[in-house]
Amino acid sequence: MFPGGRGEALTNVKEGEICIHVFADNNTFVIIQSQINTNGFLSVEEPQVESEYLGKMPASFRMIAVFLGDLDNSDGVGKVYYRQDSRPSILLRTTDHINQAFPQDDEIKPTHALIITWENVAAHGVPGRGDGLDRKRNTFQLVVASMASASYAILFYPREGLQYISTPVAGQSELVHTGFIKGRVKGWFNWSSSPGPYYRIATDNETSVRQLSEETNSGRRGVWVYEIGTSPIFYSITPGQVTNLSPEEGMAGGQMESVPEFPPRNTGEQQEIEFPPYEHEEEEETPEQELPPTVHPVQYQPRYPVVPEPMWFVFFLTVFAYNSETCASNRQKCSSFADCKDYTNGYCCQCRPGFYGNGKDCVAEGKPQRMNGKVNGRVFVGNTPSPLELSNNDLHSYVVANDGRAYVAISTIPAGLGPSLQPLSSLGGVIGWAFALEQPGYENGFSIIGGVFSRQAEVTFLPGNERLTIKQEFKGIDEHDHLVVSTELEGRLPEVPRGSTVQIDPYKEIYHNTPFSLFSSVITSSSNRDYTVSLPDGSVQTKAYQWRQTITYQSCPNDEEVRAVQSTQQLSVDQIFVMYDSGNQLIRYAMSNKIGSIHSGPPEQNPCFTGRHGCDTNAACRPEEGIQFTCECSTGFTGDGRQCYDIDECREMSEICGSHAICNNQPGTFRCECMDGFQFASDGKTCVEVDRPIDHCQRGTNNCDIPERARCSYTGASAYICSCLSGFVGDGYTCQDIDECEQGRCHRDAVCYNSQGSFTCQCRPGFHGDGFQCTPEHEKTQCERDRESIQVSSNTGSFSFFRLRPSVSQYVPTCDQHGAYEPTQCHGSIGQCWCVDGNGQEISNTRTGPGQRPLCIDRGVIPPPIGPTTRPDVSPVAPGTHLLFAQSGKIEQIPLDGYSMNKGEAKALLHLPVRVAIAVAYDCVEKMVYWTDITGPSISKASLEGGDTISLITTDLESPEGLAIDHLARLMFWTDSMKDRIEVAKLDGSQRRVLFDTDLVNPRPIVADPSYGRLYWADWNRDGPKIEMSNMDGTDRTVLVKDDLGLPNGLTYDPESQQLCWADAGTRKVQCMDPNGRNRRTIVEGIQYPFAIVSHGRNLYYTDWRRYDDLGPVSQKETDEFLPQKRSRVYGIATTPTECPQAYNYCSNNGGCSHLCLPRRGGFTCRCPDVVDGSCVERNL
């Protein structure tokens, strides 16, 4: 069959849907209406209800029956796809099939092909076990190829055979039908009609139907080719002439019933051809039997409406199904925010109060809308002979619905095209129309047609008459609550020189809504637009273009009470902004949109209709009398309308998703996901169990060596891998101990003792050390010398020389097992403790009073062993989400299985000899782990996919202890607790800028919220601990929390639940609140000494210093813990999500800034680094 399925620009057809495609032709206006039916046929006129043709063939309307029966695609497994295709590769393949079926013909050059695929459709009414996975299914395809002189139908059936050949009809099994039906034919004076010809491909014989997939008339098994006349309304049927299979195809066995003889193919003038006779039932009306059913040469007469040049060729393709016309079977086709209502002739979907749309797609009133998609095409610029190609360029749009302001950005636009795209704000115009600010009595596009429609526009530039065609398919709302659109551009643009800017004048555009048929409607609009081009030399050019567009969409024919929509409305567009950023190859459009009356009148003064109301971006403006109004938070948010906060439906309604489902909160809404081992049933809501593969590792049914020598690793689909543990060698099924003593792993002055899977080293008598490093005598460290000196002076009564210590009694420094200063020093006589650096010097602002101890970082490093040293690089990690945590000398990783820690697979990710890594952060775009090191000090990164470490910042640092990544704007932020400042730089370490260097004492944790351009950090200043917030550009600095804090060391932000959480080593609590400082609550109490915390899904994971240096999740109560093998302090913690959070960020592609683009809520700021080169420009956008 021809390529099918997703990724091939196909449209997925569901029962009852109507799909309309529009194609341009500059010469004629031809309307060809064809209707795809989920019951396995293509009709070229209005079909009857299925009760009038199932079991009563031939039907009374014209059709191509590919595999006609009572078929079902409503269970979510069966699909119907179609597409119009004119790519050379597809047309070449079509030509190959036709030439092989008609070897004597030449000049076969189709211009386009319609490809329809019925995939995995089942027989309607055949029972299964309930989940739809055990029903018999067939896949078949129809290709209609057209050219000026003829049209062809190519039918494809599965070579592996048909799983069923009949469907239940009226309680009996009825064989499917395949063939061409002309419908009823009128008599001479239109006084009577009779059944027209029915050319059957298969007869009423089971063998004949089964041989559809075994034999052929085109030389290829299961492929049947027919010429069907000069238009889609077929007047002559000629079968392919090659009934023998080609040698490579082979014979399938069995012979098909004889095919009716046809006269020779037309080699010159048009010839009248008889259809094979058909025996039909007697009708009440007496047909004129004496007249043979012949085909006359007929030229299709197009209709020519009065439209201005250029003309349009419109191809209407409608899809029907009759199996399920009530809400009981179609409720899942409505939006989750809509109600389904039954009518006499079917059902309709209607958005609930507080939402708007067409019922299939509904969005909350007042809520901002996001749109994503891809842009493809070929565009000529000026007089250039070669086009510039666009291939899957990203398109992002953001609309502030309550004031009608729309923003559109398209990335990776080459410099040869970008400047010339500036006048084309029309690319985003339809988005502005869809969510325009509604004036009283008028509705924007989304209110009328929802999110699924087709749009085609043609732009004619004056005075050069360059023309560009825009085709867009809007595909509805995806699982991330974003609208999805695909865009194609084809044609020529007038050249706008590089370095030029474009200003587009405000304009008005009239939209006409015209029902085309019972099931479909067309919206047309046109306008003339002026724009000015300011050239680099200072001169200005004034130009214009003409704009015409057609929007086609499905309407609901059954709703008798649907509110009347104004057939003609006017879109007013102003405050138009266009810009091409050549440095980042980004084109931006912005505009304000209002939809209202075409008649002039006094402008509306109520702020709800002007957009100047001050309501929150997640609120709807409700007009009252005069200029009075109120702000009402959108559904899914709470607040006073001026400020709105997300409602966590998952927390407040714990059973909202049902059994075996997980609820994920999202801004303004929530989403249900089935747990592992379950999947959604055909209703799209209930989670049913699926057959799960066997984990032989967990069950112990594997054939690996014993667990003391080998590890069993599950790889999915009941498969596993055996590997020997460290210290053993073999294939995993048989492992033998490695004698490390033979490898000389110990020091030369030590004795080696081998054991199963391991070994030990012990220094010989007279030597001191751990066996890997042995010295004849122990050399005292500075701390040991100081301690010994003070003890000696104390015993002799001499005065202590330790000048920085309290004079009361005698202070004795504390040394660790390696002789280094303990990071926390205390003087018991006065009850005070403080932090010291590696030289034993007190760190300012860390001294505490009686009964308290400061949170001091161990700045000493463990000496490396003598012998081979592990390379500081990363071995690639397995796919999935992992926890990363820092420990002295290394960064470790723990795989997550759902929310549980897979402790058995924990291992070192990165060895950092003689280094102390503190903060850890992760970039989900490039899959990079970032960390800070206080021994360098430095900030570095390494790829999770393997490779060496890369140092990013190595100068002007003292103690970098907090690190945050903005994956959208490509920025990193860090705190320095000794320099008492917060800085920002690009992810490559360039363009450093100090954001804050005042009112900071001990800043440590810092987190970023890229979606809203916000920073959060904590300062554990003993005299005044606090948690603060600001925009990423340093504006709007605010203290969020300053009461009831002790040592707020860990801080994390969850973008899904919009919760800011922190771990406090002073109060020994984990607490959370919303990012505006409200709804503060305690999650867990009684923790020991937490250092860092991170969120993932519903859990919080934190590191703890006093609980055997462990880490574990917090979810209302502690559920698990992990104890690292190495008993040293654990520091920063981060997760490695498999996908980046979806969000719109103004600083994508650097926002057009010359240097730093720093996001803020609702915009961004262009800022210069602290070290500038003279070319930097600062501005606010």
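Residues numbered from 1 in each chain as written. Predicted model: local features only at pLDDT ≥ 70, side-chain atom pairs only at ≥ 80, totals over all residues. Heavy atoms only, no water.

Looking at an unreviewed UniProt entry, one finds the protein named Nidogen 1b and attributed to Oncorhynchus tshawytscha. For the protein, the Subcellular location (unreviewed entry) comment in UniProt is given as "Secreted, Extracellular space, Extracellular matrix, Basement membrane". (UniProt positions renumbered as here; feature names shortened; annotations may be inferred.)

(A) A look at unusual backbone geometry. Look at the link from leucine 462 to proline 463: it is a cis peptide, with omega at 10°. Along the polypeptide, proline 463 turns up in the loop between β28 (452-462) and β29 (466-477). In this structure, proline 937 follows glycine 936 across a cis peptide bond, with omega equal to -15°. The backbone of lysine 927 sits at a positive phi, close to 55°, despite the residue not being glycine. If you trace the backbone, lysine 927 turns up in the loop between β60 (917-923) and β61 (928-933). The phi dihedral of aspartate 956 falls on the positive side, at around 55°, and the residue is not glycine. Position of aspartate 956 relative to the elements: it lies in the loop between β64 (950-953) and β65 (960-966). (Helix = DSSP H or I, 4+ residues; strand = E, 2+ residues; numbered from the N terminus.)

(B) Up close: the sheet that holds strand β71 (residues 1026-1031). Pairing within the open sheet is antiparallel, and its four strands lie in the order β69-β70-β71-β72. Two strands bound the open sheet, and with one partner strand each, they are β69 (1003-1009) and β72 (1038-1041). Pairwise comparison of adjacent strand axes, ignoring direction, gives a mean angle of 25° for this sheet. The pairing of strand β70 (residues 1014-1019) with β71 spans six bridges and is classified as antiparallel. Considered in β71, the bridge of tyrosine 1016 is made with methionine 1029. (Pairing = 2+ DSSP bridges. Axes fitted to C-alpha atoms, helices over the stretch in contact; angles between N-to-C directions.)

(C) Looking closely at the packing of aromatic side chains. Taken as a whole and judged by the stated rule, the model has 24 aromatic pairs. Here the aromatic cluster, defined as three or more aromatic residues joined through ring pairs, consists of Phe67, Trp118, Phe140 and Tyr164. Between arginine 93 and the ring centre of phenylalanine 2, over which it is positioned, the NZ or CZ distance is 4.7 Å. Over the ring of tryptophan 834 we find arginine 847; its NZ or CZ atom is 4.2 Å from the centre of that ring. (Phe/Tyr/Trp six-rings, centres within 6.5 Å; stacked < 30°, edge-to-face > 60°. Lys NZ or Arg CZ within 6 Å of the ring centre and 35° of its normal.)

(D) Molecular detail of the nonpolar core. Leu424, Trp433, Ile470 and Tyr589 are the most contacted members of the largest nonpolar core, which totals 60 residues. Core analysis: the second largest hydrophobic core is formed by 38 residues, Ala886, Leu909, Ala1092 and Ala1134 among them. (Core = buried A, V, L, I, M, F, W, Y, C linked by side-chain atoms within 4.5 Å. Buried < 20%, exposed > 50% of the residue type's maximum accessible area, 1.4 Å probe, protein only.)

(E) The state of the cysteines, seen in detail. In this structure the tally under the stated criterion is 23 disulfides. A sulfur-sulfur separation of 2.2 Å characterises the disulfide bridge that pairs cysteine 924 with cysteine 1140. On the S-S bond that ties cysteine 924 to cysteine 1140, the torsion sits near 125°, and the link is right-handed. Here cysteine 1140 lies in the loop between β81 (1130-1135) and β82 (1156-1160) and cysteine 924 lies in the loop between β60 and β61, a separation of 216 residues in the sequence. For cysteine 924, a relative accessible area of 9% puts it in the buried group. The class of cysteine 1140 is partly exposed, set by a relative accessible area of 22%. (Disulfide = S-S within 2.5 Å.)

(F) Representation of the pairing of β28 in the model. Buried residues dominate β28, accounting for nine of its eleven residues. Looking at chain direction, β28 and β29 are connected through ten bridges and run antiparallel. Within the sheet, the bridge partner assigned to valine 452 lies in β29 and is lysine 475. As consecutive antiparallel partners, β28 and β29 are separated by three residues, and within that stretch asparagine 465 has a phi angle of approximately 60°, a positive value.

(G) Helix α5 (residues 426-434), seen in detail. Counted residue by residue, α5 has nine buried out of nine residues, so it is predominantly covered. Turning to α5, its buried residues are Ser426, Leu427, Gly428, Gly429, Val430, Ile431, Gly432, Trp433 and Ala434.

(H) Structural detail: the side chain of arginine 455. Inspection of the secondary structure puts arginine 455 in strand β28. Look at arginine 455: it is buried, it has no salt bridge, and the nearest opposite charge is glutamate 509 at 6.5 Å. Looking at arginine 455, its side chain comes within polar contact range of the side chain of glutamine 472, at 2.4 Å. Beyond its immediate stretch of four places on either side in the chain, arginine 455 contacts Ser426, Leu427, Val430, Ile470, Lys471, Gln472, Phe474, Trp547, Gln549, Thr550 and Ile551. (Lys, Arg positive; Asp, Glu negative; His and termini not counted. Salt bridge = Lys/Arg side-chain N within 4 Å of Asp/Glu carboxyl O. Polar contact = N/O pair within 3.5 Å; in protein donor to acceptor, adjacent residues only side chain to side chain. Contact = heavy atoms within 4.5 Å.)

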